[in-house]
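# Descriptive analysis of the structure
Residues per chain are reported as follows:
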2 protein chains.
Amino acid sequence: MIAELVTTGSELLLGQIVNTNAAYMARELNKVGVDVCFQTTVGDNRARMKEVLLHALSRADLVITSGGLGPTRGDITKEVSAEVMGRGMALNEECAARLRADFARTGREMTENNLRQAMIPEGAHIFVNHAGTAPGVAMERDGKLLVNLPGPPSEMKDMLHRSLLPYLAEKYGTIAATVSRVLHTFGIGESKLETTLDDLILAQKNPTLALLVRPTGVVVRITAKAENEEAALRLIAPLEKEIRGRLGNFVYGADKETMEEIVGGELKARGLSVATAESCTGGLVASRLTDVAGSSGYVRGGIVSYTDAVKAEALGVSREMLAREGAVSEPVARAMAEGARRVLGADIAVSTTGLAGPGGGTDKTPVGTVFLAVSGEAGTVAEKHLFTGNRAQVKFRASQAALAALGGYIRKCGK
Amino acid sequence: MIAELVTTGSELLLGQIVNTNAAYMARELNKVGVDVCFQTTVGDNRARMKEVLLHALSRADLVITSGGLGPTRGDITKEVSAEVMGRGMALNEECAARLRADFARTGREMTENNLRQAMIPEGAHIFVNHAGTAPGVAMERDGKLLVNLPGPPSEMKDMLHRSLLPYLAEKYGTIAATVSRVLHTFGIGESKLETTLDDLILAQKNPTLALLVRPTGVVVRITAKAENEEAALRLIAPLEKEIRGRLGNFVYGADKETMEEIVGGELKARGLSVATAESCTGGLVASRLTDVAGSSGYVRGGIVSYTDAVKAEALGVSREMLAREGAVSEPVARAMAEGARRVLGADIAVSTTGLAGPGGGTDKTPVGTVFLAVSGEAGTVAEKHLFTGNRAQVKFRASQAALAALGGYIRKCGK
């Protein structure tokens, strides 16, 4: 069963609000096996909305609208829907009574235009709105189903779960479940990933595989369809195992897990405390580590050393080394990590020093150059990176690399 | 001129990500008078994408896609676009050279599939990608224009502003302008703002006024329509002046200006250096200060003191005070700011200490309690706040309050 979501409203077309309804409906419908293949947004314009609904009904079996069920003249979705389904509209006394009772209960005055919400396409199935006033409707013709849901997210969500999903399950039986598992990688590019997983990508059918570029790194998405969620997860498991086997430590987490949570969990599990010494990331590594609830159990603290003076005085980096090597150098990154570990009394420390740009680049040290180091009982290791992107991107990528290096050090050398 | 936006990608159809690109493109295109009447989302499916593009070209004059320009097999937007415009594809040597140079510069290995990005529809106008690798293209046929932009938001935005908007302006001339001016406030609530601006909100016509709640605080949006941008700005100016007059220092910036840029500008203008001492914000204040290009000119550094030991040893807060007052207290906030100023040798320092949650709250000090202080030549001032929200929101709101307090101190006491 192919579905199209039609979201209506000028505020969406003008870009004044982001279309979170479409994403939410798509996610929930996919979970129960409804294949959302198209999403369309159109304004409160009668001719255009009619064209969009007719076209949607021509290419999808199930068309679900959201928006335009309110009491004002601009709310035309139900009317236009009735028209394309070849039905008249009539006042529904039950809906009208419910509206009147609702207004009386909340002590609001009910103006005449509110009764528009009780006008229902003939023969339509009615979804009561438990989170607002506008009822939803479902209409069938020639094996196609057209559903109108309200636009306010709280009303749409309530009606979707309370009425629409049970209605679809009763009508079509349980269809299937589409479940995705997302593996987060770091340190491997999109093309290299594709080459590594090429045969799996070519052989994909169910589950399917996709590579997506995210600010945190490339993610591998495994999507399976099956009769229910458990069966879909059973299809995903062996493929996930194979991919994790090939990618090894490039995979750092899955689904909603973040790098800072993963690293935090590893610190916590080993009873290790951590400190930071940051130059180019300017506190972002410490901020991300402390984004995790409970991080006060293992974060000692950090020093943002944006000047040579602070590197020397607060972290104990020798002035002679700073002069000889330059602040953006491997020896300074090492000395910063060692200094933070010592000064802040942590088991392990991570440092960053680099050029976030946009200014300050040279041929020898272009913008995006970042040295980072991790220091602990097993010694100090350092890495050199060259990141692309603007200042914010270089900062974020450097923080991601620093956290990844910290995690790698713990796994290799931690207790 | 009627436009349709076509965003592609299974992650949108599956609802795994919210379609922020469509909203952004719609907003920017409306600003220059392009009437976005339809937005459609389709997956990386050749037949469906072709149908969507053909239908879009039948009802719109300008069709702009976003997504599917990457190097992998799943990236088919450019190919399908060429097909519906009746063009072949050929390797573009300039694009290929640019790709090779980019990979060489960043020391990454260029695999063969990357060259797919240099395959260009015959006769297409090329938009160079300054924020990534995939070039965009524009193709014309029968008075219709089809444009392919990349999917990653940073690349799409850069190409939209740098290449597409100038290209459209040159091709069609300036059409009309809807211009918005956004005033950022901090420290004043939505209802208070509405009361203060009540008569202006009631009298609005052109420009219109809207109050919107953002993570940074409430913003006042003034929107004017006119024949061009300058005329719209002339309509906005007197209303902005009136609003600024009423709101005084509650307004800290406008449009894209951020609190960290404003405060940074004030530090720079007065030749003052700054340092941070952070507990509950965990480095976020320093990270935000260093998000600003050129901040190395005034940021000395910072200390993230997540434990009492670091507060005592690195910042010199007395252990007796920590035991007596507790780490989340005004005296400790003051001592932290004074310590950071002294230890890091800055003209002015800002501190935060509080409970970001979710755990650790007591009746006396509930989650969301934050003390902050600013210390400088004119002495030390402190504030107490109680923020609502989850851990990330409390952290961000505390960082915003700290930066606002820093800005206030500079304006009042700075040289």
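Quick caveat, the model's predicted, so the values are computed rather than measured.

### Details of the overall build of chain A
Looking only at helices and strands, one finds 15 helices and 17 strands in chain A. A compact globule built from 415 residues would reach a C-alpha radius of gyration of about 22 Å, whereas chain A, at 28 Å, exceeds it by more than 25%. In chain A, which comprises 415 residues, the share counted as buried stands at 51%. Here the contacts in chain A between residues at least 6 apart in sequence split such that 65% fall between residues at least 24 apart.

### Regarding the interface of chain B and chain A
Opposite the 70 residues of chain B that make contact, chain A presents 68 residues. Those elements that provide at least two residues to the side of chain B that touches chain A are α1 (10-13), α2 (20-31), β2 (35-42), α3 (46-59), α10 (284-289), β14 (299-305), α11 (308-313) and α14 (391-413) of chain B. Looking at the side of chain B that touches chain A, its residues break down into 28 nonpolar, 31 polar and eleven charged. Alignment of strand β2 (residues 35-42) of chain A against β2 of chain B, held across five bridges, turns out to be antiparallel. Residue Thr41 of chain A lies in a different strand from β2 of chain B, and its bridge partner there is Gln39 of chain B.

### Some thoughts on the packing of helix α10 (residues 259-270) of chain A against helix α15 (residues 391-413) of chain A
Residues and elements named next belong to chain A. At a minimum axis distance of 10 Å, the contact between α10 and α15 shows a crossing angle of 30°. In terms of orientation, α10 and α15 fall into the roughly parallel class. Like other packed secondary-structure pairs, α10 and α15 cross with a definite hand, here left-handed. Listed contacts from α15 to Met259, Glu260, Ile262, Val263, Glu266, Leu267 and Arg270 of α10 are Gln400, Leu403, Ala404, Leu406, Gly407, Ile410 and Arg411.

### Remarks on the nonpolar core
A general feature of soluble globular proteins is that nonpolar side chains tend to end up buried together. By size, the foremost hydrophobic cluster in this structure holds 138 residues, and its most contacted members are Met336 and Ala340 of chain A together with Met336 and Ala340 of chain B. If near-sequence neighbours (up to four positions away) are discounted, Met336 of chain B is found in contact with Ala277, Ser305, Lys311, Leu315, Val317, Ser351, Thr353 and Ala373 of chain B.

### Looking at the pairing of strand β17 (residues 379-386) of chain A
In this sheet, β17 of chain A lies alongside strand β16 (residues 369-376) of chain A in antiparallel orientation, the contact comprising eight bridges. Residue pairing in the sheet places Gly376 of chain A in a bridge with Gly379 of chain A of β17 of chain A.

### Description of the sheet that holds strand β7 (residues 136-141) of chain B
Spatially, the twelve strands line up as an open sheet ordered β6(A)-β7(A)-β8(A)-β3(A)-β1(A)-β2(A)-β2(B)-β1(B)-β3(B)-β8(B)-β7(B)-β6(B), and their pairing is mixed. Either end of the sheet is taken by a strand with one partner, and the two such strands are β6 (125-127) of chain A together with β6 (125-127) of chain B. With direction set aside, neighbouring strand axes in the sheet form an average angle of 15°. As judged from the five bridges shared by strand β1 (residues 2-8) of chain A and strand β3 (residues 62-66) of chain A, these two strands associate in the parallel manner. Residue Thr7 of chain A lies in a different strand from β3 of chain A, and its bridge partner there is Ser66 of chain A.

### With respect to the environment of Ala346 of chain B
All names here are of chain B. Following the sequence through the fold, Ala346 ends up in the loop between α13 (330-343) and β15 (348-354). When the 25 C-beta atoms within 10 Å are taken as the criterion, Ala346 is described as buried. Distance in space between the C-alpha atoms of Ala346 and Tyr167 is 48 Å, their sequence separation being 179 residues. Setting aside its immediate chain neighbours within four residues, Ala346 contacts Ser273, Val274, Ala275, Arg300 and Arg341.

### Points about the sheet that holds β17 of chain A
Strand order in the open sheet made by the ten strands is β17(A)-β16(A)-β15(A)-β13(A)-β14(A)-β14(B)-β13(B)-β15(B)-β16(B)-β17(B), with mixed pairing throughout. Each having just a single partner strand, β17 of chain A together with β17 (379-386) of chain B make up the two edges of the open sheet. The mean angle between the axes of side-by-side strands here comes to 10°, regardless of whether they run parallel or antiparallel. In this sheet, β16 of chain A lies alongside strand β15 (residues 348-354) of chain A in antiparallel orientation, the contact comprising six bridges. Bridge assignment links Thr352 of chain A to a residue of β16 of chain A, and that residue is Leu372 of chain A.

### As for the pairing of β2 of chain A
All names here are of chain A. Summarising burial for β2: six of the eight residues are buried, a large majority. Of the strand pairs in this sheet, β1 and β2 are connected by seven bridges, and their pairing is parallel. Opposite Val6, over in β2, you have Thr40 as the bridge partner.

### A look at helix α5 (residues 93-105) of chain B
Its 13 residues place the ends of α5 of chain B 18 Å apart at the C-alpha level, agreeing with the 18 Å of an ideal helix rising 1.5 Å per residue. One or two residues past the end of α5 of chain B sits Gly107 of chain B, with phi positive at roughly 65°.

### Considerations on the confidence of the model for chain A
Taken over all residues, the pLDDT of chain A has a mean of 93, while the share at 70 or more is 99%. Interface confidence in the predicted complex, given as ipTM, is 0.76; pTM for the same model is 0.76.

Criteria and thresholds
Residues numbered from 1 in each chain as written. Chains lettered and ligands numbered in written order. Predicted model: local features only at pLDDT ≥ 70, side-chain atom pairs only at ≥ 80, totals over all residues. Helix = DSSP H or I, 4+ residues; strand = E, 2+ residues; numbered from the N terminus. Rg over C-alpha atoms; globule rule 2.2 N^0.38 Å. Buried ≥ 20, exposed ≤ 12 C-beta atoms within 10 Å, placed from the backbone. Contact = placed C-beta atoms within 7 Å. Nonpolar A, V, L, I, M, F, W, Y, C, P; charged D, E, K, R; others polar. Pairing = 2+ DSSP bridges. Axes fitted to C-alpha atoms, helices over the stretch in contact; angles between N-to-C directions. Parallel < 35°, antiparallel > 145°, perpendicular 65-115°, else oblique. Left-handed = near helix turned anticlockwise from the far one by under 90°. Core = buried A, V, L, I, M, F, W, Y, C linked by C-beta atoms within 7 Å. Expected span 1.5 Å × (residues − 1). pLDDT = per-residue confidence, 0-100.

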